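# Geometric and topological summary
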Number of protein chains: 2
Amino acid sequence: MRQKNKTMKLQYLTPGPSELYFTVADHLQVAIRQQIPAISHRSKTFEQIFAHTVEQLRILMNIPANFHIVFTASATEIWERSIQNLVISESFHFVNGSFSKKYHETALDYAKKATAIEVPEGEGFEITKIEIPDSNELICLTLNETSTGVMMPLEQIYALRERYPDLLIAVDAVSIAPYPELDFSKIDTLFFSVQKCFGLPAGLGVWILNERCVAKAEKLQKQGVAIGSYHTIPSLVKMAQKNQTPETPNVLGIYLLGKVAEDLNRRTAKTLRQETNYKAALLYQTLAQNPVFEVFVQNPKFRSPTVIVANIKKESNAEFLQICEKEGLVIGEGYGNFKKNHIRIANFPTFSKETIEKLAGLIENYR
Amino acid sequence: MRQKNKTMKLQYLTPGPSELYFTVADHLQVAIRQQIPAISHRSKTFEQIFAHTVEQLRILMNIPANFHIVFTASATEIWERSIQNLVISESFHFVNGSFSKKYHETALDYAKKATAIEVPEGEGFEITKIEIPDSNELICLTLNETSTGVMMPLEQIYALRERYPDLLIAVDAVSIAPYPELDFSKIDTLFFSVQKCFGLPAGLGVWILNERCVAKAEKLQKQGVAIGSYHTIPSLVKMAQKNQTPETPNVLGIYLLGKVAEDLNRRTAKTLRQETNYKAALLYQTLAQNPVFEVFVQNPKFRSPTVIVANIKKESNAEFLQICEKEGLVIGEGYGNFKKNHIRIANFPTFSKETIEKLAGLIENYR
């Protein structure tokens, strides 16, 4: 842990935690100078911070006024809170990787009858072939499977809404928010953590939910189902309406999120999307053209723009990871069973076109 | 939220969030330079950070090897997790203020038969007169009631252990840890948050627990009781044994805690206690000698050394708070119903004797 001098500054293109957004260090300095961590979470100053962060997120992700925005410690916590608050007995899960699987397991941990429709890692779903029994209450979708780089197209989510208007739809948008241009009227809740595309220190989850979620949680409460204590939906929403949180929260995290969302809004969501698309296209194309690599997600319509995963046709990924690190770029290993055979690249807003072009050059020249 | 120039730097002697420990700004700079927030929570570097923090806490608080140390998002979360994991049906709560009451309410939220023995705010308990039925599983104690400045003497905790050796004892040490020189063999679990005496940004809870707690949680699990998902005791402990956490945690918070614990160890726990005692004695004495003030906790044996609360015999505390702020010292208002009539002073390690002497001077001269 001692400070190393004269070593090159590395850039972490790992899919979370990832490189900090390039403005974070400055925002942190200002926060310390303004003594943000010392202020009371019941003060007007904190309420202003909370309101600012919510406002900037609404602009950035085009979140309608009828959706509440509340904060937790992580997206992992929201897996749990959504199951506790939105499911009396049955949830339905689309599983195609480690993280969607963990969401399913969370429901099982709470003794719910949780059904999973499962496809192999790297594959998307054929939505039209899936039947969801009416007894289900919550459909749990993972928009971007961070373990394998599979994205669920928004049209598939909208199609599910069309077919099952009475079921609640929850969208795990970890490692892709704020990229998707989502029609919030087609879902009920969406959540993410801040250490991915937002480039912030880990320790904060963002939960966006509509009145149907509030009503459902209140229904459970009335039926005497234990839906939690300080972080139930009614408790979180009630405090959020005062721009506060039930407990002493990660004040610094909420402050930094507001600042980075403001920075992203200055670039505009549209520009962010265009740049993300350009950088993703470059990486996918370069990977496809080098026979040493194989884009892991075969079907282009399921390829994530923000987490790009490739199989490497060598004994392991070690040599290539080393080449990248020598050039100052840390990219991710594979997840789980793919640890040694995959590379995973975080294509997040903090990385410039130049950085991605440099990485593409390394991919192109690797033999 | 705009940066104010030329304003005096205030010191927040508020009982949490509170003034950052005076080394935190430097540690943050080093953390950013070393890219701590970007590193993977599954990396060797993170494991070293985790191990370092645990080691420094063990030294500082003299925590025996048979106690596990795990991390959550807040002490509020640990109220919930301890109830979920350690209570099948009955818990027993000592309530003498807002925070001990919330712990009790947390148990009720989980539909436990939670009994509260309640005394008025500002008072301690007469332990010998309290009978705890054998059907209880967990005794929940609030060592330092932050709302009113009442401390429970350690001897009372030890006496409970003597009388009820089979019941688990949980100690909420928020706003007092690491001050108490506790015999851990007389309790089963203790927890706190870091934005009080440790002077760190909020967003991290520390949970210390022994094998009896692990066994109890496993027993619940075997009986099919839902004890949570990622933050169950078995899950937290299993990962902690690898110096990891189940989810992506507040990496930066864990890093900073280790650094500040190391700083406190350099001063030594003994010195910290002596200085805290000196500063507390000075404040209590000065308050007692000025007829405008009245120490809220009548019985000296129940007076907290770290959160010092006084009633102010004026229409409100506004004038005195203003006088203090003009001198650069922000002290706390009262809690809840006492908001306008109490002052609350955080006597935490970051505040020098000189700062407390200055505050004592203001107390002395106020008429």
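Shown above is the structure to which this text applies.
Residues numbered from 1 in each chain as written. Chains lettered and ligands numbered in written order. Predicted model: local features only at pLDDT ≥ 70, side-chain atom pairs only at ≥ 80, totals over all residues. Heavy atoms only, no water.

### Things to note about the overall build of chain A
If you tally the helices and strands in chain A, you get 11 helices and 14 strands. Computed over its C-alpha atoms, the radius of gyration of chain A comes to 21 Å, within 12% of the 21 Å expected for a compact globule of 367 residues. In terms of overall dimensions, chain A has C-alpha extents of about 65 × 55 × 35 Å along its principal axes. Looking at chain A residue by residue over its 367 residues, the buried ones come to 66%. In chain A, the proportion of contacts linking residues at least 24 apart, taken out of those at least 6 apart, comes to 72%. Counting every atom, chain A has about 14200 Å² of accessible surface; 50% of that belongs to carbon and sulfur. Each charge class in chain A was averaged separately, 41 positive and 39 negative side chains, and the resulting centres sit 4 Å apart. (Helix = DSSP H or I, 4+ residues; strand = E, 2+ residues; numbered from the N terminus. Rg over C-alpha atoms; globule rule 2.2 N^0.38 Å. Buried < 20%, exposed > 50% of the residue type's maximum accessible area, 1.4 Å probe, protein only. Contact = heavy atoms within 4.5 Å. Areas by Shrake-Rupley, 256 points an atom, 1.4 Å probe, with all protein chains shown as cover. Lys, Arg positive; Asp, Glu negative; His and termini not counted. Charge placed at Lys NZ, Arg CZ, Asp CG, Glu CD.)

### Thoughts on the interface of chain A and chain B
Taken together, the contacts link 52 residues of chain A with 52 residues of chain B. Together chain A and chain B conceal approximately 4300 Å² of surface at their shared face, both sides included; 58% is due to carbon and sulfur atoms. Between the two partners, chain A and chain B, sit two salt bridges. Among the salt bridges present, the one from R81 of chain B reaches E80 of chain A, with a minimum N-O distance of 2.6 Å. Summed over the shared surface of chain A and chain B, the result is nine residue pairs in polar contact (both at pLDDT 80 or more). A per-class count over the side of chain A that touches chain B returns 23 nonpolar, 20 polar and nine charged. (Buried area = accessible area lost by both parts, 1.4 Å probe. Salt bridge = Lys/Arg side-chain N within 4 Å of Asp/Glu carboxyl O. Polar contact = N/O pair within 3.5 Å; in protein donor to acceptor, adjacent residues only side chain to side chain. Nonpolar A, V, L, I, M, F, W, Y, C, P; charged D, E, K, R; others polar.)

### Describing the packing of aromatic side chains
One pass over the structure, following the stated rule, counts 28 aromatic pairs over all chains. A ring pair is formed by F293 of chain A and Y366 of chain A, whose centres lie 6.0 Å apart and whose planes are at 45 degrees; its orientation type is tilted. Taken together, the positions of F293 of chain A in strand β11 (residues 293-295) and Y366 of chain A in the segment after α11 (353-365) put the pair 73 residues apart, joining distant regions of the chain. Assessed through its relative accessible area of 3%, F293 of chain A is described here as buried. Relative to Y335 of chain B, the ring of F99 of chain B lies with its centre 4.9 Å away and its plane at 55 degrees, an arrangement referred to as tilted. Taken together, the residues span a long stretch of sequence, with F99 of chain B in helix α4 (residues 98-109) and Y335 of chain B in the loop between β13 (329-333) and β14 (342-346) at a distance of 236 residues. Since its relative accessible area comes to 23%, Y335 of chain B is described here as partly exposed. (Phe/Tyr/Trp six-rings, centres within 6.5 Å; stacked < 30°, edge-to-face > 60°.)

### Here's the deal with helix α8 (residues 251-267) of chain B
Note that an α-helix has 3.6 residues per turn; residues three or four places apart therefore point the same way. All names here are of chain B. Between its first and last C-alpha, α8 extends 25 Å over 17 residues, near the 24 Å set by a 1.5 Å rise per residue. Of all 17 residues in α8, 14 are buried, a share of seventy percent or more. Following α8 by one or two positions, T268 adopts a phi angle in the positive range, close to 75 degrees. (Expected span 1.5 Å × (residues − 1).)

### What to know about empty space enclosed by the protein
Under the defined criterion, the tally for this structure stands at 10 cavities of 30 Å³ or more. Each pocket or cavity is described by its volume, and for the largest cavity that value is around 180 Å³. Forming the boundary of the largest cavity are 16 residues, of which N250 and L252 of chain A together with P201, N250 and L252 of chain B lie nearest the centre. (1 Å grid on protein atoms, 1.4 Å probe; cavity = no way out; pocket = protein on both sides within 12 Å on 5 of 7 lines; lining within 4 Å. Points joined across faces, edges and corners; volume = space filled by probe spheres on them.)

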